[in-house]
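Below, each chain spelled out in residue letters.
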Amino acid sequence: MNLYVLENINHTNKEQKMKIRSFRGGVHPPEEKITFSLPIQEMPLLKKVVIPLSQHTGAPAKPVVKVGDRVKRGQRIGEAQGSVSSNIHASISGKVVDIADHPHPLGPPSLAITIESDGRDEHHPSIKHNNDYFRLHPNEIREIVKEAGIVGLGGAAFPTHVKLSPPEDKWIDTVILNGCECEPYLTCDHRLMIEKTYEIIQGLKIIAKTLEVTSCYIGIEKNKRDAIRAMREEIRNEANMEVVPLKTKYPQGSERQLIEAILNREVPSGGLPLDVGVIVQNVGTALAISEAVKKGNPLIERVVTVTGKGIKNPANLRVRIGTLFQDVIDYCGGFRGKPGKMIMGGPLMGFSQYTTQVPVIKGTTGILVLPEEETEEIKERSCIRCNRCVDVCPMDISPNLIAKYASKDRFDWAREYGALDCMECGICAYVCPAKIPLVQLIKYAKAQLTRVTGGTGDTGVTGG
Amino acid sequence: MPQRLVVSVSPHIRIKGNIPRMMWDVVIALVPATIASIYFFGSKAIYIILVTTFSALITEALIQKLCKKPVTIFDGSAVVTGILLAFNLPPGIPLWMAGVGGAIAISIGKQAFGGLGHNIFNPALVARTILLISFPVVMTTWSPPRFISFDALTYATPLTALKMDNILTPLKDLFIGNVGGCIGETSALALIIGALYLLLRKHITWHIPVTFIATAGILCWLFGGAELFRGPFLFHVLAGGLLLGALFMATDPVTSPTSRSGRMIFGMGCGAITALIRLKGGPPEGVSFSILLMNAFAPLIDRFIRPRKSRVK
Ligand code: SF4
Ligand code: SF4
């Protein structure tokens, strides 16, 4: 295994350097990156933020403040519970006015801490610069990342300290920085790569040091030429780093597809990137790591792309966590025309919202508003077995058949055809000429299957 | 200010293409062959096409009304079936018989299985086969194209001429379509133009046509001559219904396997059966039978050839 991996690195370094790499399947939907040239703006301080205690994969944090407490910016207000969880910090200074259920962008209302601003935005004394950061031991870095409540900022929000602590028996040799941003509309990572190039590379160095790896790649879709140029310029003196331009194709930014494109390694079904010696981090996460390690800043803000034809003034905004969508949209001039759908994230994997009262959370890559005319209901017809869904599926499974069996409640068959391997990227439903809600049906099958077997992935899937 | 926001599962964008667009694109692709059929067989050809198409549409509407299902005759699929059936009929067929064919195609070939997407066999070929069994003489009586003066009664298609009298029709006539046969199958040129359009629009892939034509052609080349490797390869590719079948009938997504390799097996099977019937069977032509036979195997092929799923070695 190790030998194989080493050979592979040499191979990719030399021979594939010049050609644009990619993966099997995928589509290239209209990019719609209307905000790509707009510099990141700071959103002004607000009177109130609502900070959910569950913003990450894993257990929700436990509140460590009470109603009436005064808190400062960066103060920990929620404590990680269990091994996969994350701390939550106050994003403004002020008074805790409520700890109660509040609408959540990813599901039913859940516990959130409401803070009313005192207008001073004072930072907590725990926030200190660390000029000696390059002397830190990997475990100290992990501790800082954990303390800072950093999670994957590409949308999945998996706690980063867990990712930075691979099990002993896994041999990690490569870090990939994910700057693909393959979802249409979204541009926050693109802007960060141009405006925060130095800090992102600092973050990457910290990650590489923590994991003790020597080989780093930065994968960027080739439609972001300026970002590729900026990154290349930044790493020109780094021997072990390489910027890899990738084909503009969705879902290029998915970890498996990124690893396939850059290293030609295949993550096994039900497995993780670390099974093939790789850790993937989003560029925004790298920036957050650098901020935390060097400046002591916990994760209390992020860049959000506010976009879509249903928004008056689309923008890339640096927003404090807990800011309500309503406030963000108001700042961007409000809706243009009648809003049809408001989506957190991109159009292919994002979550549509029923209220503007949901807060920005750590995983909010974008707020996309589609006007009413873009959300017309589409007529569903029967499957004509055209196979387009299968051709585009990056996981090489059969969306058409999984959906067919899911609608007949034959979940054993749905699993046979790969239901549990689906990463819900959405392109099967995107291309289907019969407009069958494939992802919905596959999600349904997955939910049923994981309920029955209790597993999430590798449940004896067989294939030909 | 309360807004009414639509909530739904991702993805939130869809491609513009849909089934009606696909079907109408197929209709467009059939236009060159339609023009060729009128050119070579006169106005009779257009009457046959109109009759089968309207009969298919009316049958579809009637059955859907009777079964209280939504009427979907504007999705173009019945039009495609109607035109393809007409293409598979001899120019001398009485119009009422063509009408019956259209009704059979939709009722027995399509709606009996549950409508679009559920049929196992190509509806047009089901109808053609039933007509062939019911009216064998009419269905195998060929009149020559307008530009050949010939005794109509003894006129033979290129394949029959080869089988019975060992006469090889000139390739140029075969390519242009100036030969006898079903109204839509004779002009290789027109069919290829249409198929290129479908390929360009990505409605079909090369897998079935190429494997189908290559297998049939190569087998006929190997075994179709006086000795091995002496068969008339190009003649067999251009003659009869091979191109019509391989480009437009076997590529019907509903009745062919879904995977690429499955489609290649399907195409090879069609080609092999076609060659077998042409060289050894009773009737001179075997394209329709080969496609129908392989239609029956399509679900089985799909059962065994599935997309590769990533898994641990
Ligand atoms: S089946 Fe799953 S992984 Fe495949 S295209 Fe559909 S959503 Fe993506
Ligand atoms: S894309 Fe839609 S119509 Fe085509 S095979 Fe898949 S589910 Fe069926």
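In case you missed it, the structure is sitting above this.
What you see is a predicted model, and the numbers here were worked out from it, not measured in a lab.

Conventions used here
Numbering of residues starts from 1 in each chain and follows the order in which that chain's sequence is written. Starting at A for chains and at 1 for ligands, labels are handed out in the order in which the entities are written. The model is predicted, so local features are restricted to residues of pLDDT at least 70 and side-chain atom pairs to those at 80 or more, both for listing and for counting; the totals for chains, interfaces and linings are taken over all residues. Values shown for side chains rest on all heavy atoms present in the structure; no hydrogens or waters enter the calculation. The buried label goes to any residue with under 20% of its type's maximum accessible area, the exposed label to any with over 50%, and the partly exposed label to all in between, with areas taken from a 1.4 Å probe on protein chains only. Note on conventions: DSSP H or I runs of at least 4 residues are helices, E runs of at least 2 residues are strands, and numbering of each starts at the N terminus. Any pair of residues with heavy atoms lying within 4.5 Å of one another is described as a contacting pair. Accessible surface is computed with a 1.4 Å probe, and the buried area is the amount of it that two parts give up when combined, taken over both parts together. When residue character is reported, Ala, Val, Leu, Ile, Met, Phe, Trp, Tyr, Cys and Pro are called nonpolar, Asp, Glu, Lys and Arg charged, and the others, Gly included, polar. Patches were defined on residues exceeding 30% relative accessible area and lacking a salt bridge, with like-charge contacts within 9 Å and nonpolar side-chain contacts (Val, Leu, Ile, Met, Phe, Trp, Tyr) within 5 Å. All accessibility values rest on the Shrake-Rupley procedure with a 1.4 Å probe; residue burial counts only the protein chains present in the view. A pairing counts as a salt bridge when a side-chain nitrogen of Lys or Arg comes within 4 Å of a carboxyl oxygen of Asp or Glu. Whether a residue is near a molecule or strand depends on its heavy atoms: it is near if one of them lies within 4 Å of it. Charge convention: Lys and Arg are scored as positive, Asp and Glu as negative, and His as well as the terminal groups of each chain are ignored. Charge placement uses NZ in Lys and CZ in Arg. For Asp and Glu, CG and CD serve respectively. In this analysis, the expected span of each helix is defined as 1.5 Å times one less than the number of residues it contains. Pairs of N or O atoms within 3.5 Å make up the polar contacts considered here, provided that, within protein, one atom can donate a hydrogen while the other can accept it, and that residues adjacent in sequence are counted only when both atoms are side-chain atoms. Two strands are said to pair when DSSP picks up at least two bridges between them. Side-chain rings of Phe, Tyr and Trp, where Trp is taken by its six-membered ring, are said to pair if the distance between their centres is within 6.5 Å; with planes under 30 degrees apart they count as stacked, over 60 as edge-to-face, and otherwise as tilted. A pair of sulfur atoms, both from cysteines and within 2.5 Å, is called a disulfide here.

1. Observations concerning the pairing of strand β12 (residues 278-282) of chain A
Then step 1. Extensive coverage of β12 of chain A is indicated by the burial of five of its five residues.
Then step 2. Because side chains alternate across β12 of chain A, one face comprises the buried residues Val278, Val280 and Asn282 of chain A, and the other comprises Ile279 and Gln281 of chain A, equally buried.

2. Here we look at the interface of chain B and chain A
Then step 1. The interface of chain B with chain A comprises 44 residues on the first partner and 64 residues on the second.
Then step 2. Buried area between chain B and chain A, summed over both chains or domains, comes out near 4600 Å², and the portion from carbon and sulfur atoms is 53%.
Then step 3. Elements with a minimum of two residues in the side of chain B that touches chain A: α1 (19-41), α13 (260-280) and α14 (287-304) of chain B.
Then step 4. Of the residues assigned to the side of chain B that touches chain A, the class counts are 17 nonpolar, 14 polar and 13 charged.

3. Observations regarding a nonpolar patch on the surface
All names here are of chain B.
Then step 1. Judged by side-chain polarity, Phe175, Ile176, Leu189, Ile192, Ile193, Leu196, Leu199, Trp206 and Val210 come together as a nonpolar surface patch covering roughly 750 Å² of accessible area.
Then step 2. Elements with a contribution of two residues or more to the nonpolar patch: α8 (171-176) and α9 (188-200).
Then step 3. Here the nonpolar patch gets five residues from one element, more than from any other, and that element is α9.
Then step 4. With respect to the secondary-structure elements, Leu199 resides in helix α9.
Then step 5. What makes Leu199 partly exposed here is its relative accessible area of 36%.

4. Looking at the site of ligand 2
Then step 1. All residues in the neighbourhood of ligand 2 are listed as Cys383, Ile384, Arg385, Cys386, Asn387, Cys389, Asn400, Cys432, Pro433, Ala434, Ile436 and Leu438 of chain A.
Then step 2. Of the residues that constitute the shell around ligand 2, the class distribution is nine nonpolar, two polar and one charged.

5. Section: a positive patch on the surface
Then step 1. On the surface, a cluster of positive charge is made up of Lys222, Arg225, Arg229 and Lys247 of chain A.
Then step 2. By the element assignment, Arg229 of chain A lies in helix α6 (residues 225-234).

6. Comments concerning helix α5 (residues 123-134) of chain B
Residues and elements named next belong to chain B.
Then step 1. Taking 1.5 Å of rise per residue, the 12 residues of α5 would be expected to cover 16 Å, and the 17 Å separating its terminal C-alpha atoms lies within 8% of that figure.
Then step 2. Along α5, nine of the 12 residues are buried, which leaves the element largely enclosed by surrounding structure.
Then step 3. By the burial criterion, the buried members of α5 are Pro123, Ala124, Leu125, Val126, Ala127, Arg128, Thr129, Leu131 and Leu132.
Then step 4. Turning to α5, the residues buried within the fold contact α3 (77-87), α4 (95-107), α6 (136-139), α12 (242-249) and α14.
Then step 5. Regarding α5, its N-cap is Asn122, as a side-chain oxygen of that residue lies 3.1 Å from the backbone nitrogen of Ala124 further along.

7. Overview of the environment of Ile201 of chain A
All names here are of chain A.
Then step 1. Structurally, Ile201 can be placed in helix α5 (residues 197-211).
Then step 2. Taking relative accessible area as the criterion, Ile201 reaches 2% and is therefore assigned buried.
Then step 3. Once the C-alpha coordinates of Ile201 and Met241 are considered, the two residues, 40 residues apart in sequence, prove to be 9.6 Å apart.
Then step 4. Ignoring sequence-local partners within four residues, the contact set of Ile201 consists of Ile218, Met231, Glu234, Ile235 and Met241.

8. Here we look at the sheet that holds strand β4 (residues 70-71) of chain A
Then step 1. Strands sit in the order β2-β8-β7-β4 (chain A) across an open sheet of four strands; the sheet is antiparallel. Two strands in the sheet have a free side with no partner beyond their single neighbour: β2 (48-52) and β4 of chain A.

9. A word on the packing of aromatic side chains
All names here are of chain B.
Then step 1. Applying the stated criterion to the full structure yields nine aromatic pairs over all chains.
Then step 2. Look at Phe113 and Phe121: their rings are 6.4 Å apart centre to centre, the planes differ by 65°, and that puts the pair in the edge-to-face class.
Then step 3. With relative accessibility at 32%, the residue Phe113 sits in the partly exposed group.
Then step 4. Note on Trp221 and Phe229: the rings are 5.3 Å apart at their centroids and 55° apart in plane angle, and the pair reads as tilted.
Then step 5. For Trp221, a relative accessible area of 34% puts it in the partly exposed group.

10. What about the state of the cysteines?
Then step 1. One pass over the structure, following the stated rule, counts zero disulfides over all chains.
Then step 2. In this structure Cys180 of chain A is a free cysteine whose sulfur lies 6.3 Å from that of Cys182 of chain A, the closest cysteine sulfur available.

11. Things to note about the side chain of Lys446 of chain A
Residue and element names in this part refer to chain A.
Then step 1. Looking at the element boundaries, Lys446 is found in helix α14 (residues 438-453).
Then step 2. Judged by relative accessible area, which is 15%, Lys446 ranks as buried.
Then step 3. The contact partners of Lys446, leaving out residues within four places of it in the chain, are Ala419, Leu420, Cys422 and Glu424.

12. A short note on the environment of Phe233 of chain B
All names here are of chain B.
Then step 1. Secondary-structure assignment places Phe233 in helix α11 (residues 233-238).
Then step 2. Classification of Phe233 as partly exposed rests on a relative accessible area of 33%.
Then step 3. Separated by 53 residues in sequence, Phe233 and Gly180 have C-alpha atoms that sit 19 Å apart.
Then step 4. Once you skip the residues sitting within four places of it in the chain, Phe233 turns out to touch Gly217, Ile218 and Trp221.

Everything listed here is a matter of coordinates, which is why it stays silent on function.
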